[in-house]
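Results of the structural survey
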Amino acid sequence: MTDVHREQAVVIGAGLAGLAAAVYLQKHGVSVQVIEAQDRVGGRVHSMSQHGGNKEAGGTYIGAGYKSVIGAAKNHGIKLIDVTPTLEFFREQELVLNGEIIRQSQWPSHPANPFPEKDKSLMPWNYNRVLTVRKNPLTSPEQWLDTDQAYNDISLYEWMKGLGLSDDAISLAYGMNVSFGSNAHDVSALLMFFRAAFSSTQRKYSQNGIIGFTALNGVQRIPEAMASALKKETHLGKVVKSIDDNGRLIEIRCADDTLYKTHHVICSLPLGALRNVAINPPLSELQRQAILEVPSQPTTQVFMAHKSKFWESDGLKPSMFTDGVAGMIAAARNGDNPTEVTSFTAWIMGSNAKYLDTLPTEEAGKVIIQAIEAVRPSARGQLEFLGLKSWGADPFARGGWAYFRPGQITRFCKAMHLPHGKVHFCGEHLSIANRGMEGAMESGERAAQEIIDKG
């Protein structure tokens, strides 16, 4: 028998974007019901305490300028912890190329360094960021969607080539475990300018030397608190299959045959999950193509415990940035002493993350540990696999975050931001001036305001 709910407004998805929209609607007197496919709230903010401590699988750190996220934490009584003392250690990592460990002090004069003379001291994982800040045509983040920036919606490779960089330099500057796509051909330079402008703006908000925060007992406590503040309890396990607007009401049908009838809908689903939802009347052709074609980044985190301080025996830094399947191996410091390594997380992006998705979980963990041991003998037998989180394999995410290929910003972004009748959209992929968690909340509040403006 169909379970029917009649609501003034329904928000689909209980991540930060959806919850920000729901809280905003409730604040403005709109009765709202949030529905979520998973058995928890938070979306791609996920604190995995089952692996000991708080292994953040999404929404790792809160920037000092994340006004909405910080405001939500304070409004809902979530204690924030300054992580600045630990962030400095992220700069201390060894480079691994072709199975060789290269210390940062060795890199400027190393024969494998293809960067221009003035930039040889820059590490590969930082070089593309430095370049996009140095040469950024944007004076503020939101300018990335201006029509006069369309000429920058080219591949990052084309833009870097225009700076006179060699193919080898481009491959190292944007080809090792990158955040968007697999290489510089896959991503729009305009997206990278947006990221750089956002990062530069964030640094201006740093006060008293504080760079960022985490939340006591995990960042997921923030969306949990937001959900608890809603008058109506979030309905979990509601996998949306269709959204139908009959001209009077919108009907949302779920896989368990639950039916929601409502006047307004805010859909915060990631693009990969939205592909599985039938929407009637059909979306515009550009909106449909955007949902099908805008990619999300394959992202996998492998969590490991250590049996000894093996880095002390070889004299190398505990963290490494590699050109292999292990990606970036980060030493976490989540205890009271910021100098003490508490665990390790390997961050694997792009094609290597896709490869891990083809393996059983335990086998994937073994592959990563073996890759680390192959370049670092002191680590042999010293790492223990705890678990992993693949966002690419997650059916409700299909990737860690959306990104835009060359030409897609100009082609799709304007259409993506438009409501479809009474159905409004939000999510980190629809942020305008912010990125990540802050961008998600920005988009949620904007979608809610669209409904309020309609009256």
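Going by the structure above, here's the rest.
A few points on the structure. (Residues numbered from 1 in each chain as written. Predicted model: local features only at pLDDT ≥ 70, side-chain atom pairs only at ≥ 80, totals over all residues. Heavy atoms only, no water.)

**Thoughts on the pattern of salt bridges**
Scanning the model with the defined rule gives 14 salt bridges in all. With its nearest N and O atoms 3.8 Å apart, the salt bridge here joins Lys317 to Glu92. In this pair, Lys317 sits in the loop between α11 (310–314) and β15 (319–322) while Glu92 sits in the loop between α3 (84–87) and β7 (93–97), placing the two residues 225 residues apart along the sequence. A relative accessible area of 36% places Lys317 in the partly exposed class. Residue classification places Glu92 among the partly exposed residues on the basis of a relative accessible area of 29%. Of the charged contacts in the structure, one is a salt bridge between Glu442 and Arg446, with a shortest N-O distance of 2.9 Å. Of this pair, Glu442 and Arg446 both sit in helix α15 (residues 436–454), four residues apart, which is roughly one turn of the helix. (Salt bridge = Lys/Arg side-chain N within 4 Å of Asp/Glu carboxyl O. Helix = DSSP H or I, 4+ residues; strand = E, 2+ residues; numbered from the N terminus. Buried < 20%, exposed > 50% of the residue type's maximum accessible area, 1.4 Å probe, protein only.)

**Examining the packing of aromatic side chains**
Centre distance and the angle of the planes are the two values used to describe a pair of aromatic rings. Enumeration over the complete set of coordinates arrives at eleven aromatic pairs. Arranged with centres 4.2 Å apart and planes meeting at 5°, the rings of Trp144 and Phe194 form a pair that is stacked. Here Trp144, found in the loop between α4 (124–134) and α5 (156–162), pairs with Phe194, found in helix α7 (residues 189–204); they are 50 residues apart in sequence, far enough to count as distant. Each residue in the set Trp107, Phe115 and Tyr127 is aromatic and connected to the rest through ring pairs, giving one cluster. Between Lys389 and the ring centre of Trp391, over which it is positioned, the NZ or CZ distance is 4.5 Å. (Phe/Tyr/Trp six-rings, centres within 6.5 Å; stacked < 30°, edge-to-face > 60°. Lys NZ or Arg CZ within 6 Å of the ring centre and 35° of its normal.)

**Some remarks on α4**
Burial in α4 covers these residues: Pro124, Trp125, Tyr127, Asn128, Leu131 and Thr132. Where α4 is buried, its residues meet β7, α5, α6 (167–173), α7 and β15. (Contact = heavy atoms within 4.5 Å.)

**Side note on the packing of α4 against α7**
The geometry of α4 relative to α7 is characterised by a closest axis approach of 9 Å and an angle of 80° between their N-to-C directions. For the element pair α4 / α7, the angle class is roughly perpendicular. Mapping the contact onto sequence places Asn128, Arg129, Thr132 and Val133 in α4 and Met192, Phe193, Arg195, Ala196, Ser199, Ser200 and Arg203 in α7. Across the contact of α4 with α7, the residue classes tally to four nonpolar, four polar and three charged. (Axes fitted to C-alpha atoms, helices over the stretch in contact; angles between N-to-C directions. Parallel < 35°, antiparallel > 145°, perpendicular 65-115°, else oblique. Nonpolar A, V, L, I, M, F, W, Y, C, P; charged D, E, K, R; others polar.)

**Remarks on the environment of Val178**
By the secondary structure assignment, Val178 is in the loop between α6 and α7. Between the C-alpha atoms of Val178 and Met349, which are 171 residues apart in sequence, the distance is 6.3 Å. Every residue in contact with Val178, bar those within four places of it in the chain, is listed here: Asn183, Gln297 and Met349.

**Section: the state of the cysteines**
Going through the model one piece at a time under the given rule, you end up with zero disulfides. Here Cys413 stays free of any disulfide, with the sulfur of Cys426 as its closest cysteine sulfur at 15 Å. Exposure remark for Cys413: the relative accessible area of 3% places this residue in the buried category. (Disulfide = S-S within 2.5 Å.)

**Here's the deal with unusual backbone geometry**
Omega for the bond connecting Asn280 with Pro281 falls within 30 degrees of zero, at 0°, which places this linkage in the cis form. Along the chain, the position of Pro281 falls in the loop between β13 (278–280) and α10 (285–293). The backbone of Asp257 sits at a positive phi, close to 75°, despite the residue not being glycine. Locating Asp257 in the fold gives a position in the loop between β11 (250–254) and β12 (259–267). What makes Asp257 partly exposed here is its relative accessible area of 32%.

**A short note on the layout of surface pockets**
Approximately 250 Å³ is the volume found for the second largest pocket. Along the walls of the second largest pocket sit 13 residues, with Leu145, Thr147, Ile409, Cys413 and Lys414 positioned nearest its centre. Examining the composition of the lining of the second largest pocket, we find that four residues originate from one element, helix α14 (residues 408–416), more than from any other. (1 Å grid on protein atoms, 1.4 Å probe; cavity = no way out; pocket = protein on both sides within 12 Å on 5 of 7 lines; lining within 4 Å. Points joined across faces, edges and corners; volume = space filled by probe spheres on them.)

**Some thoughts on the sheet that holds strand β17 (residues 343–349)**
Neighbouring strands of a sheet are bound in pairs by backbone hydrogen bonds; such pairs are parallel or else antiparallel. Strand order in the open sheet formed by seven strands is β8-β7-β15-β16-β17-β14-β18, with mixed pairing between adjacent strands. A single partner strand is all that each edge strand has here, and the edge strands are β8 (100–102) and β18 (383–390). The average angle at which neighbouring strand axes cross in this sheet is 25°, direction not considered. The pairing of strand β14 (residues 299–306) with β18 spans seven bridges and is classified as antiparallel. Each bridged residue has a counterpart across the sheet, and for Val302 the counterpart in β18 is Leu388. (Pairing = 2+ DSSP bridges.)

**Re the sheet that holds strand β6 (residues 80–82)**
Judged by pairing direction, the sheet is antiparallel, and its three strands sit side by side in the order β5-β9-β6 without closing on themselves. Both edges of this open sheet fall to β5 (62–63) and β6, since each of them pairs with a single strand only. As judged from the two bridges shared by β5 and strand β9 (residues 212–215), these two strands associate in the antiparallel manner. Looking at β9, one finds that Gly63 is bridged to Gly212.

**Concerning the environment of Thr342**
Mapped onto the secondary structure, Thr342 falls in the loop between β16 (328–332) and β17. For Thr342, a relative accessible area of 34% corresponds to the partly exposed category. Not counting residues up to four positions away in its chain, the partners in contact with Thr342 are His306, Ala332, Arg333, Asn334 and Gly335. Among the polar contacts listed, one links the side chain of Thr342 to the backbone nitrogen of Asn334, at a separation of 3.1 Å. (Polar contact = N/O pair within 3.5 Å; in protein donor to acceptor, adjacent residues only side chain to side chain.)

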